[in-house]
Amino acid sequence: MVLLAFNSYFIVIEGHVGVVKRFGEAKHQQNPGLHFKIPLIETVEMIEVRTRKNAEKMASSTKEQMPVTIEVSVNWTVNKEAALELFKRYGGLTQFEQRILDPRFRSATKDTIPQFEAEQLIQDRASAIQGIERRLSEEMAEFPVVVDNIQIENIVLPKKYINSIEIKQTEKNLAAAEEHKLERQRLEALRAVNTADAKAKGILKVAEAEAQSILLKGRAEAKAIEAKAKALKNNPLIVKLTEAQAWDGQLPQTMLGQGAMPIMDMRQSVSPPKP
């Protein structure tokens with residue numbers, strides 16, 4: 001009785017689904033928790049519905065027919081609602097992996113890798129991964145699982161080729177460094193030219209300003225002279241005023257002809273009037 005009571009219940013842990021079998025025939029599935037079953041008649045098979053990881057190591061070749069060993073892995077998940085169907089069709093996760101998933105995974109990888117050259121595989125794994133994932137997703141579309149992540153864990157190429165790639169990469173790095181140096185020198189030279197050009201333009205602006213100043217000053221003086229000449233022409237008294245302003249106070253010592261003295265000598269003595 002104790003044994004029968006002990007076998008009358010079962011527990012499904014998180015991340016699993018319990019497939020209840022009656023006399024070996026799968027009848028229904030149970031979610032995580034405590035459940036009851038008929039002792040000696042019903043048994044329970046646990047199906048993991050968490051993400052599982054399968055890894056493969058296989059030999060292949062690159063686009064240029066170079067031998068390569070690829071280590072790849074795939075993460076996949078059983079559709080929880082379809083666990084019973086998967087068990088009925090394939091007998092469990094191990095059988096599904098061996099009969100369905102792994103062969104298609106290897107096929108997708110071997111069909112994709114030869115599309116890439118060795119250097120592409122090393123420098124751009126993402127493109128190869130996308131190719132494998134796309135091919136495997138197409139192959140697994142009809143099955144109750146989800147393929148959600150593929151990784152290329154390692155790529156093993158011939159040692160000689162690896163050395164040649166390292167040398168080539170070193171040369172590329174040196175060339176890039178030299179190009180950077182030349183570009184920096186070009187920019188420095190361009191900066192020097194721009195600075196000199198700016199200075200030259202500054203000097204030119206100063207010279208133009210000075211020339212403009214001289215021109216304006218000359219025009220002003222010319223206008224003053226023109227105005228003065230016009231005033232002299234219209235008013236002869238200004239001539240007398242100008243001569244008076246320019247007289248040094250000395251009378252001429254000699255006189256020519258009978259002309260009158262142009263300016264009177266104010267220093268001449270005047271006789272006092274007679275009484």
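Located above this text is the structure these notes cover.
First, a word on scope: everything that follows refers to the structure included in this document. (Residues numbered from 1 in each chain as written. Predicted model: local features only at pLDDT ≥ 70, side-chain atom pairs only at ≥ 80, totals over all residues. Heavy atoms only, no water.)

Quick look at helix α3 (residues 93-112) now. In the structure, α3 departs most strongly from a straight axis at Leu101, where the bend amounts to approximately 40 degrees and where the proline Pro103 lies between one and four residues downstream. The complete set of buried residues in α3 reads Leu93, Phe96, Glu97, Ile100, Leu101, Asp102, Phe105, Ala108, Thr109 and Thr112. Close packing links the buried residues of α3 with β5 (42-48), β6 (52-61), β7 (67-78), α2 (83-90), α5 (125-139) and β8 (145-156). (Bend = angle between axes of the 7 residues up to and from the residue. Helix = DSSP H or I, 4+ residues; strand = E, 2+ residues; numbered from the N terminus. Buried < 20%, exposed > 50% of the residue type's maximum accessible area, 1.4 Å probe, protein only. Contact = heavy atoms within 4.5 Å.)

Another point: a nonpolar patch on the surface. A cluster of nonpolar residues, Tyr9, Ile11, Ile13, Leu34 and Phe36, forms a patch on the protein surface that exposes about 550 Å² of accessible area. Taken together, the elements giving at least two residues each to the nonpolar patch come down to β1 (9-12) and β4 (33-36). In this structure, Phe36 sits in strand β4. Residue class for Phe36 comes out exposed when judged on its relative accessible area of 64%. (Patch = residues over 30% accessible without salt bridge, like charges linked within 9 Å, V, L, I, M, F, W, Y side chains within 5 Å. Areas by Shrake-Rupley, 256 points an atom, 1.4 Å probe, with all protein chains shown as cover. Salt bridge = Lys/Arg side-chain N within 4 Å of Asp/Glu carboxyl O.)

The next subject is the sheet that holds β5. Read across the sheet, 3 strands follow the order β3-β2-β5 without closing on themselves; strand pairing throughout is antiparallel. The sheet is open, and its two edges are formed by β3 (25-30) and β5, each paired on a single side. Shown here is a sheet whose adjacent strand axes are inclined to one another by a mean of 30 degrees, direction ignored. Summarising the sheet, strand β2 (residues 16-22) and β3 pair through 5 bridges and their orientation is antiparallel. Note on β3: the bridge partner recorded for Lys21 is Ala26. (Pairing = 2+ DSSP bridges. Axes fitted to C-alpha atoms, helices over the stretch in contact; angles between N-to-C directions.)

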